[in-house]
Amino acid sequence: MSAAALPRRERPALAPSVALSALVHLALLGVMFLGVRFQSHPPAVVNVELWDTPPPVVEEKPPPPPPVVKPEPELEVKKPEIALPEKPKPKPKPPPPKRDLAFEKSLREQAANEQKQLEEQRLRALIARQQADARSRALATWTDKIRAKIRGNIILPQDLPGNPEAIFDVTLLPTGEVLTVRKRKSSGHAGYDDSVERAIMKSSPLPQPDDRNLFQRQLELKFRPQDR
């Protein structure tokens, strides 16, 4: 069967619902209207009688400006005064002492004596040097005589090179006789050393000094082959 052949159903509950809804809305509008009318009556007037005069109106003045705070003046710090020491007053010069003529005379005499002693010491030293020089020259003359006598007895080796030096210590008697001969330094040539030692012993007694006070028991004699 087709849909057109079906019978159309009616909705019996729809009309009462619509009517009920319209009725509720009308009731609500009526309540609202009545409420507004009830609250819109004119306000009651209250009359107040004033028996005392009202207080004068005080004009409010603007608050005074804050006081200006002046900065406190800086305290001046005074430096402590330093007491400078007073300059010493110049002392008066003492009077010159009185001259002691006797004391000055003794000082001059003492200085003269010291100068005299100094000159005497210099003179004695000069005489001593002169005597020492004279003694040295006399000893040199005496030893030259001794070495001359000994050289006359030295037989030189044939193969002696150069001019070597030999030194001998000789012990003498006051008469000039030779006691001992000791070689202190070799010439480096044994033949020449032996020849000199034999010549010293052969030359005994050796010459004596002209001044007996110049005699020396120990003599140091030096010899070279080319000495004359």
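Above this text sits the structure in question.
1. Here's the deal with the overall build of the protein chain
Turning to step 1, where the next piece is worked out: Check the secondary structure of the protein chain and you find 3 helices and 3 strands.
Turning to step 2, where the next piece is worked out: Shown N-terminal to C-terminal, the secondary structure of the protein chain runs as helices and strands in the order α-α-β-β-α-β.
Turning to step 3, where the next piece is worked out: Counting all 228 residues of the protein chain, 15% fall into the buried class.

2. Focus: the pairing of strand 2 (residues 178–185)
Turning to step 1, where the next piece is worked out: Of the pairings in the sheet, the one linking strand 1 (residues 166–172) to strand 2 comprises 6 bridges and is antiparallel in character. Pairing of valine 170 across the sheet is with valine 181, part of strand 2.
Turning to step 2, where the next piece is worked out: What sits between strand 1 and strand 2 in their antiparallel hairpin is a turn of 5 residues, with glycine 176 showing a positive phi close to 95°.

3. Quick word on helix 2 (residues 101–151)
Turning to step 1, where the next piece is worked out: Here helix 2 contains 51 residues, and its C-alpha end-to-end distance of 74 Å stays within 8% of the 75 Å for a straight helix at 1.5 Å per residue.
Turning to step 2, where the next piece is worked out: Of all the residues in helix 2, the buried ones are Leu139, Trp142, Thr143, Ile146 and Ile150.

4. Quick look at the sheet that holds strand 1
Turning to step 1, where the next piece is worked out: The strand order across the open sheet built from 3 strands is 2-1-3, with neighbouring strands paired in antiparallel fashion. Either end of the sheet is taken by a strand with one partner, and the two such strands are strand 2 and strand 3 (218–223). Put simply, the sheet's adjacent strands are angled 25° from each other on average, direction ignored.
Turning to step 2, where the next piece is worked out: Along the sheet, helix 2 makes contact with strand 1 and strand 3, crossing strand 3 at roughly 55°.
Turning to step 3, where the next piece is worked out: The sheet strands contacting helix 3 (residues 190–202) are strand 1, strand 2 and strand 3, and the helix crosses strand 1 at an angle near 20°.

5. With respect to the side chain of threonine 171
Turning to step 1, where the next piece is worked out: Secondary-structure assignment places threonine 171 in strand 1.
Turning to step 2, where the next piece is worked out: Among the residues examined, threonine 171 registers a relative accessible area of 10% and is labelled buried.
Turning to step 3, where the next piece is worked out: Within the structure, the side chain of threonine 171 is placed 2.9 Å from the side chain of threonine 180, a separation counted as a polar contact.
Turning to step 4, where the next piece is worked out: Among residues more than four places away in sequence, those in contact with threonine 171 are Glu177, Val178, Leu179, Thr180, Arg217 and Gln218.

6. Remarks on the pattern of salt bridges
Turning to step 1, where the next piece is worked out: Following the criterion strictly, the structure yields 10 salt bridges and no others.
Turning to step 2, where the next piece is worked out: The partner of glutamate 165 in a salt bridge is arginine 224, and the shortest N-O contact between them spans 3.6 Å. Taken as a pair, glutamate 165 in the loop between helix 2 and strand 1 and arginine 224 in the segment after strand 3 lie far apart in primary sequence, 59 residues in all.
Turning to step 3, where the next piece is worked out: Given a relative accessible area of 17%, glutamate 165 falls into the buried group.
Turning to step 4, where the next piece is worked out: Given a relative accessible area of 32%, arginine 224 falls into the partly exposed group.
Turning to step 5, where the next piece is worked out: Two residues, arginine 184 and aspartate 169, come together in a salt bridge whose shortest N-O distance is 2.8 Å.

About the criteria used
- Residues numbered from 1 in each chain as written.
- Predicted model: local features only at pLDDT ≥ 70, side-chain atom pairs only at ≥ 80, totals over all residues.
- Heavy atoms only, no water.
- Helix = DSSP H or I, 4+ residues; strand = E, 2+ residues; numbered from the N terminus.
- Buried < 20%, exposed > 50% of the residue type's maximum accessible area, 1.4 Å probe, protein only.
- Pairing = 2+ DSSP bridges.
- Expected span 1.5 Å × (residues − 1).
- Axes fitted to C-alpha atoms, helices over the stretch in contact; angles between N-to-C directions.
- Contact = heavy atoms within 4.5 Å.
- Polar contact = N/O pair within 3.5 Å; in protein donor to acceptor, adjacent residues only side chain to side chain.
- Salt bridge = Lys/Arg side-chain N within 4 Å of Asp/Glu carboxyl O.

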